[in-house]
Amino acid sequence: MRLLWALLRRDLILAARQGGGVGTALGFFLTVLVLLPIGIGPDQVTLQRLAPGMLWITLLLSVLLSADRIFQQDFEDGSLEVMAMAPASLELVVLTKAFAHWLSTSLPLSLAAPFLGILLNLRTETIWPLALSMVLGSLALSLLASIGASLTLNLRRGGLLISILVLPLYVPVLVFGMSATTGNPEMIMPSLLILSAMALASLVLAPIAAAAALRAYLK
Amino acid sequence: MQQFANPTQFLSLANKALPTIWAVTTILFALGLYGALVTAPPDYQQGETVRIMFVHVPAAWLAMLVYTVMALASAVAIIFRHPLADVAAKTAAPIGAVFCFLALATGSLWGKPMWGAWWVWDARLTSMFVLFLLYVGYIAIWQAIEEPTRAATIARIVALVGVVNIPIIKFSVDWWNSLHQPASVFKMGGPSIAFPMLWPLLVMGLAYTFLFLALHLISIRSEITARKLRNLQIARGEN
């Protein structure tokens, strides 16, 4: 347990000091957010209708883009092998690293996104459902991203491959994330519950799949 | 069962079985197409376009069946560590992807006269599209990883992660769609389909299944041969 705690702290410190953590992801988020209204047109009504969807898709892409950082560097400098040999099981190591990715990237993004939505004329009453659904959903996103990152570890064209592998898995999260924000008010609660179910299910299943993939690369 | 897991035994069995399988496939296709194009009556609403169903629906069935075969083979490969199971999963994927593409393409051709659009974001279309993406990802993994044993291990995980997610994706997409448009739009057949239309459909389904069996055996055979060739080349130091 102390080991995992140290690993979590190490990953968070690395994300904060190394650059390319929250800052870059947020920068990417902002860039897409500027491009979308330019592509769609500045009409306020249209933007308001599309805002939750655009924010969700931007979140998916930002998480996906930062996914390769979960294992890549540690694999390259060999520290992943040390972690694999540690007394803690590799599944728990994966879980901790995915959790660190969530804390350092996905969670700040999902907290910031609803407020950036103001730029898109987001309806004020959807801010809270959007923030809650994104916080819950982004945990699932980070965990699923860890599967993709472990499957494409050490591949030259990994970046494109990871999107093909992971985006289909993001479909359910997007569906229920959207239903929490655009549907009628009584859909908010069930959608949030299903999102937390997805987060919990991937909390259990994703580390198993990701650890199995890592073992294949570390052999 | 064990003895057919041996590649040599498997090859000799496949070579013996293939002519019969091809014959059955041909007969079933002849029968099914005759039923589909000649004896089946035109639909009272859809007219002659309903005949697209006979190539479209079996393709969709097969796209799902082949993914199941792929996932089962991957599970067998994980449990029994048998290389033939990996070969079976690997070679099934492109065939399944083609069936999936066929289902999407014929569905699109059918959609134009029926719904007035080449593509509608209906639940079934969307989940079929996602299934196609899963196939593409699986094939891409085999392409991207050069070392065969590692590629096999990673591909097994991709197939099984996909099979866990397919029901979740299907459920969520069904749910998503029912929010946006009523289910009455997509009311093709179901159990309410009439017998003159039902039997050609079922025969076509069987024909597609046998076609898959034949193609799968052939591509397993050529994959085994390709591996033998590769091993020989490595042994001779040509690689």
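Moving on, we come to the overall build of chain A. Of the regular secondary structure elements, chain A holds nine helices and zero strands. For 219 residues, the compact-globule formula gives about 17 Å, and the C-alpha radius of gyration of chain A, at 18 Å, lands near that figure. Considered along the principal axes of its C-alpha atoms, chain A spans approximately 55 × 35 × 30 Å. With 219 residues in all, chain A has 48% of them scored as buried. Sequence separation of at least 24 residues holds for 82% of the intrachain contacts in chain A that already meet a minimum separation of 6.

Along its length, chain B carries six helices and zero strands. What you see in chain B, going N to C, is helices and strands ordered as α-α-α-α-α-α. Looking at chain B residue by residue over its 239 residues, the buried ones come to 37%. Across chain B, every contact between residues at least 6 apart in sequence was considered, and the portion connecting residues at least 24 apart equals 76%.

On the side of chain B, 24 residues touch chain A, which itself brings 20 residues to the contact. Broken down by element, the residue count for the side of chain A that touches chain B peaks at 10 residues, all from helix α8 (residues 158–182) of chain A. The class makeup of the residues in the side of chain A that touches chain B is 17 nonpolar, two polar and one charged.

Residue and element names in this part refer to chain A. Between helix α7 (residues 127–151) and helix α9 (residues 188–218), the least distance of the axes is 8 Å, while the angle of their chain directions is 15°. Classed by the angle they form, the pair α7 and α9 counts as roughly parallel. Judged by the twist between their axes, the crossing of α7 over α9 is left-handed. Tallied by class, the residues present in the contact of α7 with α9 amount to 20 nonpolar, seven polar and no charged.

Now for the confidence of the model for chain B. Residue and element names in this part refer to chain B. Taken residue by residue, chain B gives an average pLDDT of 84. The fraction at 70 or more is 90%. Ranking the elements of chain B by mean pLDDT puts helix α5 (residues 148–180) last, at 83, and helix α2 (residues 53–80) first, at 91. Across residues 180–187 the pLDDT falls below 50, and counting only partners more than four positions away or on other chains, this stretch makes four contacts in the model. Taken over the whole predicted complex, pTM reads 0.87, whereas the ipTM for its chain interfaces reads 0.86.

A word on α9(A). For α9(A), spanning 31 residues, the distance from its first C-alpha to its last is 43 Å, which sits close to the expected 45 Å at 1.5 Å a residue. The largest bend in α9(A) is about 35°, located at A:L203, with the proline A:P207 one to four residues further on.

This part takes up the environment of B:M114. Residues and elements named next belong to chain B. Take M114: it is sitting in helix α3 (residues 83–115). For the pair formed by M114 and L229, sequence separation is 115 residues and the distance between their alpha carbons is 50 Å. Excluding anything up to four places from it in sequence, M114 contacts Q46 and T49.

All names here are of chain B. The contact between α3 and helix α6 (residues 195–235) brings their axes to 9 Å, and the two run at 125°. One finds that α3 runs oblique with respect to α6. Regarding α3 and α6, the two cross each other, and that crossing is right-handed. Residue-level contacts link V87, A88, K90, T91, A92 and I95 of α3 to F212, L215, H216, S219, I220, E223 and I224 of α6.

For A:N154, which is not glycine, the phi dihedral falls at a positive 65°. Within the secondary structure, A:N154 sits in the loop between α7 and α8. In this structure, B:R81 takes a positive phi of about 55° despite not being glycine. By secondary structure assignment, the location of B:R81 is in the loop between α2 and α3. B:R81 sits in the exposed class, given 10 other C-beta atoms within 10 Å.

All names here are of chain B. With respect to the helices and strands, the residue L28 is situated in helix α1 (residues 7–39). Through-space distance from the C-alpha of L28 to that of L206 is 7.2 Å; in sequence the pair is 178 residues apart. Setting aside residues up to four positions removed in sequence, L28 forms contacts with V203, L206, A207 and F210.

Spacing of three or four residues puts side chains on the same side of an α-helix, whose turn is 3.6 residues. Residue and element names in this part refer to chain A. In this model helix α3 (residues 44–66) runs 31 Å from its N-terminal to its C-terminal C-alpha over 23 residues, within 8% of the 33 Å that 1.5 Å per residue would give. Of all the bends in α3, the greatest, near 50°, is centred on L50, and the proline P52 appears no more than four residues after it. Of the positions making up α3, those classed as buried are A51, P52, M54, L55, W56, T58, L59, L60, S62, V63, L64 and S66. Buried residues along α3 sit in contact with α2 (22–40), α6 (90–116), α7 and α8.

We now examine the confidence of the model for chain A. Parts of the model with low pLDDT should not have their predicted coordinates read in detail. Averaged over all residues, the pLDDT of chain A equals 87, while 98% of them reach at least 70. Across chain A, α7(A) holds the top mean pLDDT of 92, while helix α1 (residues 2–17) of chain A sits lowest at 84.

About the criteria used
Counting restarts for each chain, with residues numbered from 1 along the sequence as it is written. Lettering for chains starts from A, numbering for ligands starts from 1, and both go in the order in which the items are written. It should be noted that, the model being predicted, local features are given only for residues of pLDDT at least 70 and side-chain atom pairs only at 80 or more, the latter also being counted only at that level, while totals for whole chains, interfaces and linings use all residues. The way it works is that DSSP assigns letters per residue, a run of H or I at least four long becomes a helix, a run of E at least two long becomes a strand, and they are numbered from the N terminus. Each radius of gyration reported is based on C-alpha atoms, and the globular scaling rule is 2.2 Å times the count of residues to the power 0.38. Here a residue counts as buried when 20 or more other C-beta atoms fall within 10 Å of its C-beta, as exposed when 12 or fewer do, and as partly exposed in between; the C-beta atoms come from the backbone. Contacts here follow a simple rule: the backbone-placed C-beta atoms of the two residues must lie within 7 Å. Ten residue types, Ala, Val, Leu, Ile, Met, Phe, Trp, Tyr, Cys and Pro, are classed as nonpolar, four, Asp, Glu, Lys and Arg, as charged, and the remainder, Gly among them, as polar. Angles here are taken between N-to-C directions and fall from 0 to 180 degrees, while the axes themselves are lines fitted to C-alpha atoms, restricted in helices to the stretch in contact. For classification, angles of less than 35 degrees are called roughly parallel, those exceeding 145 degrees roughly antiparallel, those between 65 and 115 degrees roughly perpendicular, and all remaining angles oblique. Take the far helix as your reference; a near helix turned counterclockwise from it by less than a right angle gives a left-handed crossing, and one turned clockwise gives a right-handed crossing. In predicted models, pLDDT denotes the confidence assigned by the predictor to each residue on a 0 to 100 scale. By this rule the span expected of a helix is its residue count minus one, scaled by 1.5 Å. Throughout, the bend at a residue refers to the angle made by two axes, fitted to the seven residues ending there and to the seven starting there.

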